[in-house]
Amino acid sequence: MRKEPEITPQLIEKHGITPEEYERIRSILKREPNFTELGIFSVMWSEHCSYKNSRAELKKFPTTGPGILVKAGDENAGVVDIGDGWAIAFKIESHNHPSAVEPFQGAATGVGGIIRDIFTMGARPVLCMDSLRFGPIDKRDGEKDLSSHVRRNRRLLAGVVAGIAHYGNCIGLPTVGGEICFDESYNGNPLVNVVCLGVLRHDQIRKGRATGVGNPVYYVGAATGRDGLAGAAFASRELTESSHEDRPAVQVGDPFMEKLLLEACLELFAHPEAVVGVQDMGAAGLTCSTCETASRGKSGIEIELDKVPQRETGMTPYETMLSESQERMLIIARKGQEKEVERIFEKWDLHASHIGYVTDDGMMRVKQSGRTVAEIPARPLADEAPVYVREASEPPALPQVDTPCTIFPESADCGQVILKLMADPTIASKNWAYRQYDHQVRNGSCVLPGSDAAVVRLLLDELCGTGTPQVKPGQPVREKYVAITTDCNAIHCRVNPRQGAKMAVAEASRNIVCSGGRPLAASDNLNFGNPNKPESFWHLRECVEGMAEACRFFNTPVTGGNVSLYNESPDGSVDPTPVVCMVGLIEEARLITTQWFKKEGDLVFLLGGMGSGLGGSRYLLERTGKKMGPLPPFDFEAEKRVQEAVAGAIRRGVVCSAHDCSDGGLAVALAECCISNGRLLGASIQLPAVTPRLDDILFNEAPSRVVVSVSPEGRGTLEEACRAAGAPVCEIGRVGGDSLEFLADRRVVAALPVDKLRAAWHDSIASLVEK
Amino acid sequence: MRFGILQFPGSNCDQDCLHVLGPVLGQDAFYLWHKEDDLRQADCVVLPGGFSYGDYLRCGAIARFSPIMREVKKFAERGGLVIGICNGFQILVEAGLLPGALLRNRTLKFRCETVHLRVENNRTPFTNMCQPGQILRVPIAHGEGSYFADPQTLAEIQKNNQVAFRYCNEKGQINDASNPNGSVENIAGIVNARGNVLGMMPHPERASEGILGSEDGRVIFESILHWARQAVLTH
């Protein structure tokens, strides 16, 4: 056996442990830690596992409500009631750092990790979604050659999308939507946030607990190797020029292995008498899964490393405990049920290794060849990491744009600007990406990628796992429908983090409502820079407080999520990016609504008013290359009135399409209504008196606005729904023709043939990436 | 009618097929585990889509050695109806039950979208409810779906009228622009010479319910049911 290194101040520092933290470790152990124990503490007390820098902030989120069955932080994912004894488990999680270094495997294993979190809860995963951010992939105006950044960003985009496709397609989960945005601030540090949602009956909820002294602890799945060594610690520091040397900290994914694990676990969970607890081995692998199950179970756990399947020889206890090899699960079985557990895993050609048992002494004890190599009280290790309240200071305000805008003249040709915005990769169609994802497997995708929210049908027979189907021929299966979306406008959050975060929650909620749903709950992924930088921490705190207030207002508790800090590259930190994933329930199939126009002659209405103010807009960025404030005002009550009006009109059955105004303002929203389905439909839009400026009306990104189309007979009903909710509504035009026309004072101010719009928008990303 | 749906460990359209054949079409549909050696009196065997054994090597290359596939071969030789969808098509080709091969898409990328198919032969057990030249809207989702056969095999396939479906555009025209994966002669599905085994890359089970956007795929399952009823009548 190799000799373990001596514990020196340098070694402690290399593990990211401060002198104060080291003192705390000594007082927990009542002695000096050995090398393995030091490694174990370093990963468990990393930001990724302990949230030590953000925990105090996360407490501000509302986490409870009548529908919350498992709340944030208690288990691997939150669980929310959807009625009739059914529930959903869902969560968003980041894999930013691994994806920066190795985009394909980084993204693939991110998908694998979030899927494990969901089936660990006892739920059958039914869909995935991704929220992705990269540096720009297009050349700046006037630039001759592609910068090295642009080339790298294209490689990262291609690699991340291929990695997501590889994992999701193989395991058989539809990737039903998400976002892809591009901005300078993500140069060198892409954001890869992945979502999974699963379905279960209330009585199927599983817990990650080790209880019952003497109960056997099983290790199932892939063998442990040196891949992903200390990945959690890697994710908790800044990316630097030499980060590529950290490539061994990136894991390699095997979706087929995970498919076997998923099916075997769901089959095992159908025998509740056999299983006490279950936990996936994600970040910090064997370390995290053992100490967390023991801590939650208020018990102890003892494992023997010689029994852990290993795919490399000569692995030290340090390496085995810190490995983040993928597709591994820890199962706490009930004593006497060993045969049943082993039989089910054998059926799936998986070997369940009995590596230890539950104890009652509160210790996480690790042995190798009978010799104790680590012995740490489980609870302090898992749950008593230091909590820091970092210094926060507001950065200098960004430059401001006035209204009416005086810093640049109005665009001479707003039509050209619309075309340019439609081809902006952040706004352009993402078909290049989602055509690579199987987005229809599982026969549930009712609204495919490309509308305000994805809508997925949930079937009762999905709960039957892979055993004998519980459905009778010809007997209809009970159905439910969920709408799911991810949203965040990071420019808004950069300009005004508190309001930007509120608007992200409001937009997510609005997207659910536009799809015919009622928002239920949210999961958040907080992507920020180094928390030790006071400005970064200020961004984090502002955004959390804004989101918390909004989630409370919309009655959508936060059921869990993820914090990713240290998103920095040599060029600086990323824009504050608090991604909101929101899920809603659609009560009946007839309420499912999409964003595109349906029929010539339908009337177009704008709910929520024309808005004004170009601060924070895509248009402003396009024109000036700058992010400038202030954001147009946001008012919770006004937002609520608009959402109630849309929901009311959909319930009354008159809404043919509903689409919220977001990136690019009213002009882009209308263009998307014309072209985002296979069938192109033009529209003629009558703008109100143009004050102060046409570009202000077309491109302002004022929140709380929705474009709705109804048949002429539906006009009265729509207006009645708006009146009942107290929302402003204005008829702005009519669907029809081959172009999207804007008229002001009976004069055509912009006219865009829909096929031209479609081409600019549909093929933009492919034309940049496939070159 | 009894539909046995094969389940390899990496099958992932098995539940979709079960849902459509059972609750939607009212048939007696059940799973057949890959380690079994009994088709349990299935009247029709379905090989669903997925990644049978992970398929890191070549899609379907390992599945053909599974115990259940020995039974499927015997069943097909006796004239039993077998339909392979997507990965199921790949397995049938690997198992030698259908001619040709499925190569990586010419873009080298996985492709998921709804395509148009033209029914080329409506006198098979799987297409007999279709009009000649009928156009169907059915989704595809595959990375290795580019059908290939050498010229001699291709000539044989043509001669026997074995091409069931070709990729086309919405007007039914067959051209390169309507070919999503580079398949030779836009071939999307073929039957064996005897006509009792069908392999197709598109997913009819994903186009069998209005709520999912198309019901055009149902006609394939309804053809199977119709064929079976006719067979009973003529016996």
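This report concerns the structure included in the present document. A quick note: this is a predicted structure, and the numbers were derived from the prediction, not measured.

What chain B contains, in helices and strands, is five helices and eleven strands. In terms of overall dimensions, chain B is globule-like: its C-alpha atoms have a radius of gyration of 16 Å, near the 18 Å expected for 235 residues. Projected onto its principal axes, the C-alpha positions of chain B cover 45 × 40 × 40 Å. Within chain B, the fraction of its 235 residues that count as buried is 63%. For chain B, restricting intrachain contacts to residue pairs at least 6 apart in sequence, the fraction spanning at least 24 positions comes to 75%.

Moving on, we come to the pattern of salt bridges. All names here are of chain A. Tallied over the entire structure, the rule returns 62 salt bridges over all chains. The partner of D117 in a salt bridge is K91, with the nearest N and O atoms 3.4 Å apart. Here D117, found in helix α7 (residues 103–120), pairs with K91, found in strand β3 (residues 86–94); they are 26 residues apart in sequence, far enough to count as distant. Given the relative accessible area of 11%, K91 is considered buried. In this structure, E340 and R343 form a salt bridge, with 3.1 Å as the shortest nitrogen-oxygen distance. Of the two residues, E340 and R343 are both situated in helix α13 (residues 338–347); the distance of three residues between them amounts to about one turn of the helix. Given a relative accessible area of 43%, R343 falls into the partly exposed group. Linked through salt bridges whose partners overlap, the residues forming this network are E57, K60, R498, E542 and E545.

This paragraph deals with the state of the cysteines. Within this structure, the stated rule accounts for zero disulfides over all chains. Free cysteine C514 of chain A: the closest other cysteine sulfur is in C661 of chain A, separated by 9.1 Å. Residue classification places C514 of chain A among the buried positions, given a relative accessible area of 1%. Left unpaired, C130 of chain B is separated from the closest cysteine sulfur, that of C168 of chain B, by 12 Å.

Our next topic: the sheet that holds strand β23 (residues 655–660) of chain A. Residues and elements named next belong to chain A. Taken in spatial order, the seven strands of this open sheet run β23-β25-β22-β26-β24-β27-β28, and their pairing is mixed. The two strands at the open ends of the sheet, each matched to only one other strand, are β23 and β28 (747–753). Across the sheet, the axes of successive neighbouring strands diverge by a mean angle of 20°, strand direction being ignored. One ladder, built from three bridges, connects strand β24 (residues 683–687) with strand β26 (residues 729–735); its direction is antiparallel. Each residue of the ladder has a partner; that of I685, found in β26, is G733.

Residues and elements named next belong to chain A. Overall, mixed pairing links the seven strands, which are arranged β8-β10-β7-β11-β9-β12-β13 in an open sheet. Two strands close off the open sheet at either side, each with one partner strand: β8 (275–280) and β13 (371–377). Going across the sheet, the axis of each strand differs from the next one's by a mean of 20°, ignoring polarity. Across five bridges, strand β7 (residues 216–221) lies against strand β10 (residues 328–333) in antiparallel orientation. When the bridges of β10 are listed, Y219 appears paired with L330. Where α7 meets the sheet, its contacts fall on β8 and β10, and the angle it forms with β8 comes to roughly 165°. The strands touched by α13 are β7, β10 and β11 (352–359); relative to β7, the strand with the most contacts, the crossing angle is about 0°.

For helix α8 (residues 148–171) of chain A, spanning 24 residues, the distance from its first C-alpha to its last is 35 Å, which sits close to the expected 34 Å at 1.5 Å a residue. Of the residues trailing α8 of chain A, G172 of chain A is marked for its positive phi of about 90°.

Moving on, we come to the packing of aromatic side chains. As enumerated under the stated definition, the model contains twelve aromatic pairs over all chains in all. Relative to F636 of chain A, the ring of F634 of chain A lies with its centre 5.2 Å away and its plane at 80°, an arrangement referred to as edge-to-face. Its relative accessible area of 12% is what places F636 of chain A among the buried residues. Linked through ring pairs, F553, F554, F634 and F636 of chain A together constitute an aromatic cluster. For K347 of chain A, the ring lying beneath its charged end belongs to W33 of chain B, and the centroid distance is 4.6 Å.

Moving on, we get to the packing of α7 of chain A against α8 of chain A. Residue and element names in this part refer to chain A. The geometry of α7 relative to α8 is characterised by a closest axis approach of 7 Å and an angle of 40° between their N-to-C directions. Between α7 and α8, the angle is such that the two are oblique. Crossing hand, α7 versus α8: right-handed. Counting all contacts with α7, which are made through P103, F104, A107, A108, V111, G112, I115 and R116, the residues of α8 involved are R155, L156, G159, V160, A162, G163, I164, H166, Y167, G168 and I171. Looking at side-chain class alone, the contact of α7 with α8 contains twelve nonpolar, five polar and two charged residues.

With that settled, the discussion passes to the interface of chain B and chain A. Across the contact, 38 residues belong to chain B and 48 residues belong to chain A. Across the chain B to chain A interface the summed buried area is about 3200 Å²; carbon plus sulfur atoms make up 55%. Of all residues in chain B, Q15, Y56 and I211 of chain B bury the most surface against chain A, accounting for 18% of the area lost on that side. Taken together, chain B and chain A are joined by five salt bridges. With its nearest N and O atoms 2.9 Å apart, the salt bridge here joins D438 of chain A to R206 of chain B. Between the two partners, chain B and chain A, sit 17 residue pairs in polar contact (both at pLDDT 80 or more).

Our next topic: unusual backbone geometry. Residue and element names in this part refer to chain A. A cis amide bond links T403 to the next residue, P404, at an omega of -5°. Position of P404 among the secondary structure elements: in the loop between α14 (378–383) and α15 (414–423). Residue P630 follows G629 across a cis peptide bond; omega there is -15°. Relative to the assigned elements, P630 resides in the loop between α20 (618–624) and α21 (636–651). Phi is positive for D84, close to 55°, though the residue is something other than glycine. With respect to the helices and strands, D84 occurs in the loop between β2 (78–83) and β3. Take D84: its relative accessible area is 55%, and that puts it in the exposed class. You will see that Y566, though not glycine, has its phi angle at about 60°, which is positive.

With that settled, consider helix α2 (residues 19–29) of chain A. Residues and elements named next belong to chain A. Taken residue by residue, α2 has E21, Y22, I25, I28 and L29 as its buried positions. Each buried residue of α2 lies within a common arc of 120° when the element is viewed along its axis, so the set occupies one face. What points out from α2, more than 90 degrees from its buried face, is the exposed set P19, E20 and S27. Next to the buried residues of α2 lie α1 (9–14), α3 (35–44), β13 and α14. Phi turns positive one or two residues past the end of α2, at K30, with a value near 60°.

Our focus in this paragraph is the nonpolar core. I115, L157 and F345 of chain A together with M69 and F165 of chain B are the most contacted members of the largest nonpolar core, which totals 136 residues. Per-element tally for this core: the top contributor is helix α10 (residues 255–269) of chain A, with ten residues. Counting residues in each nonpolar core, the second largest holds 90 residues, with V126, M129, C551 and M582 of chain A among its members.

What counts as what
Residues numbered from 1 in each chain as written. Chains lettered and ligands numbered in written order. Predicted model: local features only at pLDDT ≥ 70, side-chain atom pairs only at ≥ 80, totals over all residues. Heavy atoms only, no water. Helix = DSSP H or I, 4+ residues; strand = E, 2+ residues; numbered from the N terminus. Rg over C-alpha atoms; globule rule 2.2 N^0.38 Å. Buried < 20%, exposed > 50% of the residue type's maximum accessible area, 1.4 Å probe, protein only. Contact = heavy atoms within 4.5 Å. Salt bridge = Lys/Arg side-chain N within 4 Å of Asp/Glu carboxyl O. Disulfide = S-S within 2.5 Å. Pairing = 2+ DSSP bridges. Axes fitted to C-alpha atoms, helices over the stretch in contact; angles between N-to-C directions. Expected span 1.5 Å × (residues − 1). Phe/Tyr/Trp six-rings, centres within 6.5 Å; stacked < 30°, edge-to-face > 60°. Lys NZ or Arg CZ within 6 Å of the ring centre and 35° of its normal. Parallel < 35°, antiparallel > 145°, perpendicular 65-115°, else oblique. Left-handed = near helix turned anticlockwise from the far one by under 90°. Nonpolar A, V, L, I, M, F, W, Y, C, P; charged D, E, K, R; others polar. Buried area = accessible area lost by both parts, 1.4 Å probe. Polar contact = N/O pair within 3.5 Å; in protein donor to acceptor, adjacent residues only side chain to side chain. Arc of directions from axis to C-beta. Core = buried A, V, L, I, M, F, W, Y, C linked by side-chain atoms within 4.5 Å.

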